Structures are given as structure tokens and as C-alpha cells.
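# Topology and contacts: notes
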Amino acid sequence: MAAGVATWLPFARAAAVGWLPLAQQPLPPAPGVKASRGDEVLVVNVSGRRFETWKNTLDRYPDTLLGSSEKEFFYDADSGEYFFDRDPDMFRHVLNFYRTGRLHCPRQECIQAFDEELAFYGLVPELVGDCCLEEYRDRKKENAERLAEDEEAEQAGDGPTLPAGSSLRQRLWRAFENPHTSTAALVFYYVTGFFIAVSVIANVVETIPCRGPTRQPPREQPCGDRFPLAFFCMDTACVLIFTGEYLLRLFAAPSRCRFLRSVMSLIDVVAILPYYIGLFMPKNEDVSGAFVTLRVFRVFRIFKFSRHSQGLRILGYTLKSCASELGFLLFSLTMAIIIFATVMFYAEKGTNKTNFTSIPAAFWYTIVTMTTLGYGDMVPSTIAGKIFGSICSLSGVLVIALPVPVIVSNFSRIYHQNQRADKRRAQQKVRLARIRLAKSGTTNAFLQYKQNGSLEDSGGGEEQALCVRNRSAFEQQHHHLLHCLEKTTCHEFTDELTFSEALGAVSLGSRTSRSTSVCSQPVGAGSLLSSCCPRRAKRRAIRLANSTASVSRGSMQELDTLAGLRRSPAPQSRSSLNAKPHDSLDLTCDSRDFVAAIISIPTPPANTPDESQPSSPGGGGGGGASSTLRNSSLGTPCLLPETVKISSL
Amino acid sequence: MTMVCHRPEGLEQLEAQTNFTKRELQVLYRGFKNECPSGVVNEETFKQIYAQFFPHGDASMYAHYLFHAFDTTQTGSVKFEDFVTALSILLRGTVHEKLRWTFNLYDINKDGYINKEEMMDIVKAIYDMMGKYTYPVLKEDTPRQHVDIFFQKMDKNKDGIVTLDEFLESCQEDDNIMRSLQLFQNVM
């Protein structure tokens, strides 16, 4: 719970006086709080620097080191102060947290050291205040990244850390992905790189015209036609190597589907496919045109270098992530081109022998002018055309030159921002989940408190100490407050599961509806308060007789909240026609720790001798139940009827 | 937004007016000042604080009524004096004073009478604090039934209105209430 709330608890409890006249049941007694010695000043000595604060200040956060009894371990009786052998500068921030409720992160300290101090004093990093939260996270992230990088580098460096039992496939994949791991992998890496280079160069050289050795017919041919066999052999060799590599990768890939869909494998396929298509295609004149087009795709082999070059990969990724900016640039350019082309076309329309034959023809002029290339193959001749042409070139400078730096900076900003936004979103979810958890923690704390049966006004005793978890005074008082509210309204807090089951039971027209109305039966002022909600004891009667499937889940829930049953008065109505067992556990013993055990409700023979036994599924759950039984026999002799059956899940 | 800063009257004066000792007043004020450095609590803050104690349900309506019970001068903000005066009544006051304070709480429009509508509002607000997940399941007319019981008990002359005297009388007749009033003695 938040800090200063502890300050307001006394007032909230006092305000509970307002419920008194409405309460239909007697309110539970207040927990016995040790006589507080009033407020005193504590001295905390951290490595020689003395800090003094009120005890109340530290008590605000009972689940930290300083707020709980854990600080007693550091108490030095001789000097009467609490001594901590820690950094006094950091302690200042910790202590301020108690005072103000906000944890600030020191700017000049190492974030790791700060974290360690927080861990020591029992403060969770989520407590860092909003003002310092972003910076704290950023610095922590930086640190973590740096550490991760170091770790990765270490891991990538070492080869023989492969598990011994790894298959050939795994080893092959690892060799492909990290060529530095073994010599063979490295050799393979360089060989493929070499062949990619060879293939690309061959493609290029193929088209250079080279002179034949013989002068007669002195015509120039591209080398590819001159030495077709040599080039063919080289191509074949490269393609064979690439095919082999691709097949090996396919074999070694841990997830073949994913591998087939990855960009690199597509590039590989596109690189080698034209060769095979060319092989199987007949040497027709018709299709050779198409065949020639296919050869163009051979240039994609150059992209295979991206496996060898980290920079290329990063570039590809950045282009992908910057796509929207590029798209916008393209769009605005297109708009400008269309506008100017139209204008130029109509301006030059009158001239004869003009190049501006149509608007699309004018596109070329506009593009060349706007990018300030100015080839000069298309020139306006009219005055209007020249005027608009100059406007076009001037605006071209703006249109082109402006977005490019914006894109560059945009890309850099968006890249970093995306990283941060995603992380923040993920952390936000976690943060919200934690807040919800903490919130449900307080509600669960109360429900669990009820389970432990401490609500029963027992006379204390050692059992109490055994069963009951040690709760702080604040928790005790808060739970007392919630209990008062329950008594006032004659309803109890439950959790979602029980509630939904109760809803289901109500819809079946069970006796739950009757039980709530019992509260309102005017049986007379005197007995009103005592007879109110007697059915509370019968609350779980309904479900146990249900099908085993729901019993297994339901009974778990109900038995969780079984504890704290009061001794019910004699049941007022005997309309237990559906043989629902009367589950008033008339246990006089105080042990209420039935929490985990699944015990079917025994019918106390005294009260309802004629009610049938619950048809509980027998068997299992022995372990938990037996331990509980053992516990229950610890204390005063219990009235455990011999009809206790252990129902299984 | 100006920071309204309110300083309470002197310690001696407050000690004379309430049933707290000086030390207790000091502790109370330190806590109060820490939470509300400006020296006053407004309704929103009050609702938030109260809601933290009842995470299951919605405590805003009840906190609203409570706030107006604390804010005796109806200024819209609770100062430390109001806070401490009410606490003094609730924790250290006589039975009469406590019951009178409770009557004042129920009497929403402060006209000196509690009618069924006011009681309905209060009871509904209390049931709202329980939240959705209760056992037994909250029915629509549970608050109404509760109010009917209350009126049957309190309204002596059956005129549909509970006056202060009727209220005091009925409560003093009821042992449970009398016993429960002693519950919160040692809250401080």
C-alpha cells in the first residue's frame, strides 16, 4: 500500500463509527495493538554519518528493511543506534523516499550501485518516482545492453561450447551462422565469398567487347560470345557451389519453413534459378528474349554478399524501417513532377518540332530538371516554357534537398524512438500488471487472512502463532476495518471464482437467494442481530454435491474459504431437500489451516443426523489432507467426525 | 494555481478544544502535513485516500458523504482543525457525541432529519465499497431491505423520518451498538 496511507488509517478506522447503527451483526473486536510508545527519534548510523528520523517515518513502509523488524538485526545496543556499513550518499536517497514517498535516482552515481543499495534496503526499483524513472530506465538499459554485448562477444568467440550431443545438423547450422567458430566454416565462408565475387565479375566481363585474335572479320563481340565455353564453365561452377550451399543450409536450418521464407534464401534462389531455367529451355529465338531477361537476375548474386557484410544488412534494415519517410518523399516528388510536367507540356504545346510530345514525355524533363541533372536532351523554347522550367529547377532544389537530411535525421530519431517506445510499452504492460498484482495482493491478503481463520475470536495460544503469518500492526488494523465492513453489510469479500460460482448457483435457484433474505427477516430486534446470516455456515453446501468436475475446482475454492466458519446455530429451515450436506464444521479446535487440503465437508452427527453424506469422489489428495489432519490434531482435540473423506481433484 | 496554505491554530488551543494530548496532536499533525503540505484536504484527495483502504469496491460515494461530515463549515476543504475535531469525537468522545456525529453523517442535507432516501444513499454507498465479488451475491434490493430494517428499528413513531432523539434513543437501547462504540478506543 502506498505510504502515507498508513497515516490515514486511524482516521478511516475512526470513520467506521458511521457504520455502527447500520451493522446488523456485532462488529469484531479490534486487534490488540501494543501500547505505542509515542513517536521517537531513531538514529541511523551509515558508515559514520548519522541520520535521524522519526520512527513513524520509517514505519510507513513496513515491507522494507527499515520499516520492518529486520532493522533490529542492525541495532547496536551500546550506542543505541542502527548501524549500516553501506554507502552514506546513497542512503540519503533511500531515507528521502521514506520522507517524501518518492524515490529519486542520483544523477552522478553508477546505476548498478544504486540498484544494489535498493536491493539491500528492500526497495523495489518500481518505486523510482516518475521524475527520475525515464532516466533510470535508460541508464539501466544502456548498462544491460553493454553487458549483453560483452556476453555475446564472449559467446560468439568460443567454439567448443557446443553441447556434446549436438547433431551434425546443429553443428552445420552453427558453422553457417558463425563462421568464426571453426576453421572449416571459415574456409567455406571465404570460398563462397570468392565465388560470389567471381560470378559477379564474370557477369560483368561477359559484356565487354573484346577483340578477336584474328583480325579478319574485325568486328567486336562481347567476350561472352567470344569465349562461350569458358564463361559457361565458370557459371556452372559458381552455380554448383551456390546450389550446394543452399541445399546444405536448407538441411541444417532448425526451422525449414522459416528458412525458406527468409530474405537471404530468396536471394539465393533468385541467384541460381536463371541458370537452371536457361539449362532446360530450348534454344528458341522466341524465348531467348525472355532468357536474356532472366540473365539479369544473375546480378542479384551480389546481394549474397550481405551474409558477409554486416553493414549491408544494417542498411537493408534501416531502409525497411525508414520506408514511410521514403514513401512520403516519393509521393511529394511525384506530385511535383506531375504538376510541372503538365505545365511544361501546355506551355510548349504550340511549338513545332518540340520534344514535349505528351505529358509523360514531359515527365522525363521534369525529373531531370528537378534533380538538377539537366541532360539537355529536352529544352523548352517558348518564353513561358523557360519561365516555368526555371521555376521547376528552383523548386527541384528545395524538394530534393530538404527531405533528404530530414529523412536521415528522421531515420535516426525514429530508429531510437521505436526501440524506446516498444520497450516502454512492454514495460508499461509489466508495470500495470505489477500494480494490478499489488492491488490484488492487498485484497488477497485480506482473503488469505480470513482463510487462516484468524477472524475467529480464539483465545490465542501457540497454535495461533504456528498458523498465523506474522502481520504488521497496520495490516491487522486494516483487516479489522475490512472485517467491520463485512459485518455491517452482512456480506463477505470473496474472489472472482467463488463469486462466479455463487452466481451460477443462484441462477439454478438454489438456497443462496434464501440465505440473503434471511438477513432481512424481521424476527425481532433482539434475535435479529444474532440470527442474521446464519446461512453463512451453509454457504458452500450447494456445490459439493455437484458433478465431480465442478467439485474438483469448486471445492478447492470453497475449502479455501472454509476456515473461519462460525458455529452455526441450529439450522432454521430444513428445506435441504436436495440432500445438500450441512457443512457447519463444528470444530472446536482452532486450527483453520485447511488452505490447501481438499476435504469434503463432514456432516457433524450432532446437528443433522438425517442428512446424507456428501457424495464426494474418493481417493487422492492424500498428502495435503493428511498433513492438515495432522495439524488439526496438534491442538485441542477436535471433533473430527469419522466421516471425513478426502476428495480428489 | 495558487497554493493555498493553511496553518492551524496553536497547539494549546487545539489541545483545549479536543480530547488529545499535545504529543498526540503533534503526531497527527506531522502525518497530516506530510500528506497535505498545503494544510487542507480537498474532496478529490480525500476520495483517493479512502479508496486505498477499500480496493475491492468503489468507495467514492461514501467518501463523499464522509467528507461532508468532516467538513463542518462546508467550505469544500478539510483543515487540520476539522480533522482533529472529528477524530476527537470519534475516538475520545462520549457516546452521545459519537451518536450525534453519526446522525450528522447520515443526514446528508443537514436538515435535522433522516429520511428514507438519505438512508438509501448512505447504505448504497456502503454496499458499493464491498465491490462486486461478495458472498452471498449482492442482490438489487439488499440495500433497500437493509434500510427497511434500520427504519423499523429507529423510527419509533413510524412517520418515515428519524429524528435525532429517536436515533439516540434507539441506539442506546441496542446493546450491540453500545458495545461496538467502544471498539475504536485505542485506535490512536
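Just so you know, these numbers come straight off a predicted model, no measurement behind them. (Residues numbered from 1 in each chain as written. Chains lettered and ligands numbered in written order. Predicted model: local features only at pLDDT ≥ 70, side-chain atom pairs only at ≥ 80, totals over all residues. Heavy atoms only, no water.)

Time to look at the overall build of chain B. The helix and strand inventory of chain B stands at ten helices and five strands. When each of the 188 residues of chain B is scored for burial, the buried share is 50%. Contacts in chain B between residues at least 24 apart in sequence constitute 59% of all its contacts with a sequence separation of at least 6. In the structure as shown, chain B presents an accessible area of about 8,700 Å², 51% of it carried by carbon and sulfur atoms. (Helix = DSSP H or I, 4+ residues; strand = E, 2+ residues; numbered from the N terminus. Buried < 20%, exposed > 50% of the residue type's maximum accessible area, 1.4 Å probe, protein only. Contact = heavy atoms within 4.5 Å. Areas by Shrake-Rupley, 256 points an atom, 1.4 Å probe, with all protein chains shown as cover.)

Moving on to the pattern of salt bridges. Residues and elements named next belong to chain A. All told, the structure shown has 24 salt bridges over all chains when counted by the stated rule. Here Arg107 and Glu135 are joined by a salt bridge, their closest N and O atoms 2.7 Å apart. One end of the pair, Arg107, is in the loop between helix H3 (88-100) and helix H4 (111-121); the other, Glu135, is in helix H5 (residues 130-157), and 28 residues separate them in sequence. The shortest N-O distance in the salt bridge between Glu126 and Arg434 comes to 2.6 Å. Here Glu126, found in the loop between H4 and H5, pairs with Arg434, found in helix H17 (residues 403-451); they are 308 residues apart in sequence, far enough to count as distant. Owing to a relative accessible area of 44%, Arg434 belongs among the partly exposed residues under this scheme. (Salt bridge = Lys/Arg side-chain N within 4 Å of Asp/Glu carboxyl O.)

All names here are of chain A. Of note, Asn203 is situated in helix H7 (residues 183-205). Of the residues examined, Asn203 reaches a relative accessible area of 15% and is grouped as buried. In terms of polar contacts, Asn203 uses its side chain to reach the side chain of Arg298, at 3.3 Å. With sequence-adjacent residues up to four places away left out, Asn203 is seen in contact with Arg298, Val299 and Arg301. (Polar contact = N/O pair within 3.5 Å; in protein donor to acceptor, adjacent residues only side chain to side chain.)

A few words now on the interface of chain A and chain B. Between chain A and chain B, the contact holds 66 residues from the first and 63 residues from the second. Buried area between chain A and chain B, summed over both chains or domains, comes out near 5,900 Å², and the portion from carbon and sulfur atoms is 71%. Interface area lost by chain A to chain B is led by Trp8(A), Phe11(A) and Leu22(A), which between them contribute 13%. On inspection of chain A and its partner chain B, the count reaches zero salt bridges. Counting across the interface, chain A meets chain B through four residue pairs in polar contact (both at pLDDT 80 or more). Elements with a contribution of two residues or more to the side of chain A that touches chain B: helix H1 (5-15), H17, helix H19 (473-489), strand E7 (492-493), helix H20 (496-507), helix H21 (512-518) and helix H22 (525-531) of chain A. With ten residues, the top contributor of residues to the side of chain A that touches chain B is H1(A). In terms of residue class, the side of chain A that touches chain B is made up of 37 nonpolar, 17 polar and twelve charged. (Buried area = accessible area lost by both parts, 1.4 Å probe. Nonpolar A, V, L, I, M, F, W, Y, C, P; charged D, E, K, R; others polar.)

With respect to the helices and strands, the residue Cys105(A) is situated in the loop between H3 and H4. Taking the C-alpha atoms as reference, Cys105(A) lies 9.6 Å from Val94(A); in sequence the two are eleven residues apart.

In regular strands, side chains alternate between the two faces of the sheet. Residues and elements named next belong to chain A. Here three bridges tie strand E1 (residues 41-46) to strand E4 (residues 81-84), and the two strands are oriented parallel to one another. Counterpart to Val46 in the pairing with E4 is Phe84. Hairpin connection between strand E3 (residues 75-76) and E4: a loop of four residues separates the two successive antiparallel strands, and Gly80 in this loop has a positive phi of roughly 70°. (Pairing = 2+ DSSP bridges.)

Moving on, we get to the nonpolar core. Core analysis: the biggest nonpolar cluster contains 78 residues, and Trp19(A), Tyr50(B), Phe54(B) and Phe83(B) have the highest contact counts within it. With nine residues, the single largest contributor to this core is helix H7 (residues 116-130) of chain B. In terms of domain composition, this core takes at least three residues from each of domain 1 (21-92) and domain 2 (110-187) of chain B. Residues in contact with Phe54(B), not counting those within four places in the same chain, are Trp19(A), Leu481(A), Leu482(A), Leu485(A), Ala59(B) and Met129(B). By size, the runner-up hydrophobic cluster in this structure holds 27 residues, among which are Val44(A), Phe51(A), Leu65(A) and Leu123(A). (Core = buried A, V, L, I, M, F, W, Y, C linked by side-chain atoms within 4.5 Å. Domains from an automatic or database assignment.)

Moving on to the sheet that holds strand E2 (residues 49-54) of chain A. In space, the four strands of this open sheet follow the order E2-E1-E4-E3 (chain A), with mixed pairing throughout. The open sheet has two edge strands with one neighbour each: E2 and E3 of chain A.

Residues and elements named next belong to chain B. The UniProt record annotates "domain: EF-hand" (unreviewed entry) at residues 58-93, 94-129 and 142-177. From the first C-alpha to the last, residues 58-93 spans 29 Å; its make-up is 67% helix and 8% strand. When the span residues 142-177 is considered, its composition is 72% helix and 8% strand, and the gap between its end C-alpha atoms is 21 Å. (UniProt positions renumbered as here; feature names shortened; annotations may be inferred.)

Time to look at the packing of aromatic side chains. On inspection of all chains with the given rule, the structure shows 40 aromatic pairs over all chains. Connected via pairs of aromatic rings, a cluster forms that spans Phe51(A), Phe74(A), Phe84(A), Phe91(A), Phe120(A) and Tyr121(A). Above the plane of the ring of Phe120(A) lies Arg86(A), whose end atom (NZ or CZ) is 4.0 Å from the centre. A cation over an aromatic ring shows up here: Lys116(B) above the ring of Phe151(B), its NZ or CZ 5.6 Å from the ring centre. (Phe/Tyr/Trp six-rings, centres within 6.5 Å; stacked < 30°, edge-to-face > 60°. Lys NZ or Arg CZ within 6 Å of the ring centre and 35° of its normal.)

Below, the discussion takes up helix H6 (residues 95-106) of chain B. The terminal C-alpha atoms of H6(B), which comprises twelve residues, lie 17 Å apart, in line with the 16 Å expected from a rise of 1.5 Å per residue. Listed as buried for H6(B) are Lys98(B), Leu99(B), Trp101(B), Thr102(B), Phe103(B), Leu105(B) and Tyr106(B). (Expected span 1.5 Å × (residues − 1).)

Time to look at unusual backbone geometry. If a residue is not glycine, its phi is most likely negative; likewise, a peptide bond is most likely trans. Here Ser47(A), not a glycine, exhibits a phi torsion of approximately 50°, which is positive. As for its placement among the helices and strands, Ser47(A) is situated in the loop between E1 and E2. Residues other than glycine seldom take positive phi values, yet Gln74(B) does so here, at roughly 55°. Judged by its relative accessible area of 44%, Gln74(B) is partly exposed.

All names here are of chain A. Across the interface, helix H14 (residues 323-347) lies against helix H16 (residues 383-401) with an axial gap of 9 Å and an inter-helix angle of 175°. It follows from the interaxial angle that H14 and H16 lie roughly antiparallel. Here Leu329, Leu333, Phe340, Val343, Met344 and Ala347 of H14 lie close against H16, whose contacting residues are Ala384, Gly385, Phe388, Gly389, Ile391, Cys392, Ser395, Val399 and Ile400. Grouping the amino acids of the contact of H14 with H16 by side-chain chemistry returns twelve nonpolar, three polar and no charged. (Axes fitted to C-alpha atoms, helices over the stretch in contact; angles between N-to-C directions. Parallel < 35°, antiparallel > 145°, perpendicular 65-115°, else oblique.)

Our next topic: H16(A). Residues three or four positions apart in an α-helix share a direction because the helix packs 3.6 residues into each turn. Residues and elements named next belong to chain A. For H16, with 19 residues, the first-to-last C-alpha span of 27 Å sits near the 27 Å given by 1.5 Å per residue. For H16, the full list of buried residues reads Gly385, Gly389, Cys392, Ser395 and Gly396. The inward-facing, buried residues of H16 contact H14 and helix H15 (359-370).

Overall, the predicted model of chain B reaches an average pLDDT of 84, with 96% of residues at or above 70. At the level of chain-chain contacts, confidence expressed as ipTM amounts to 0.80, with global pTM at 0.46. (pLDDT = per-residue confidence, 0-100.)

Right, let's get into the side chain of Asn45(A). Residues and elements named next belong to chain A. Its location among the elements puts Asn45 in strand E1. Here Glu81 takes part through its side chain, which lies 2.7 Å from a polar atom of the side chain of Asn45. Excluding residues that lie within four positions of it along the chain, Asn45 makes contacts with Arg50, Glu81, Tyr82, Phe83 and Phe84.

All names here are of chain A. With 63% of its residues at a pLDDT of 70 or more, chain A shows a mean pLDDT of 71. Mean pLDDT per element in chain A: helix H25 (residues 622-632) is the minimum at 38, and H15 is the maximum at 93. Under a pLDDT of 50 for its full length, residues 455-468 has, in the predicted model, 20 contacts with residues more than four places off or in other chains.

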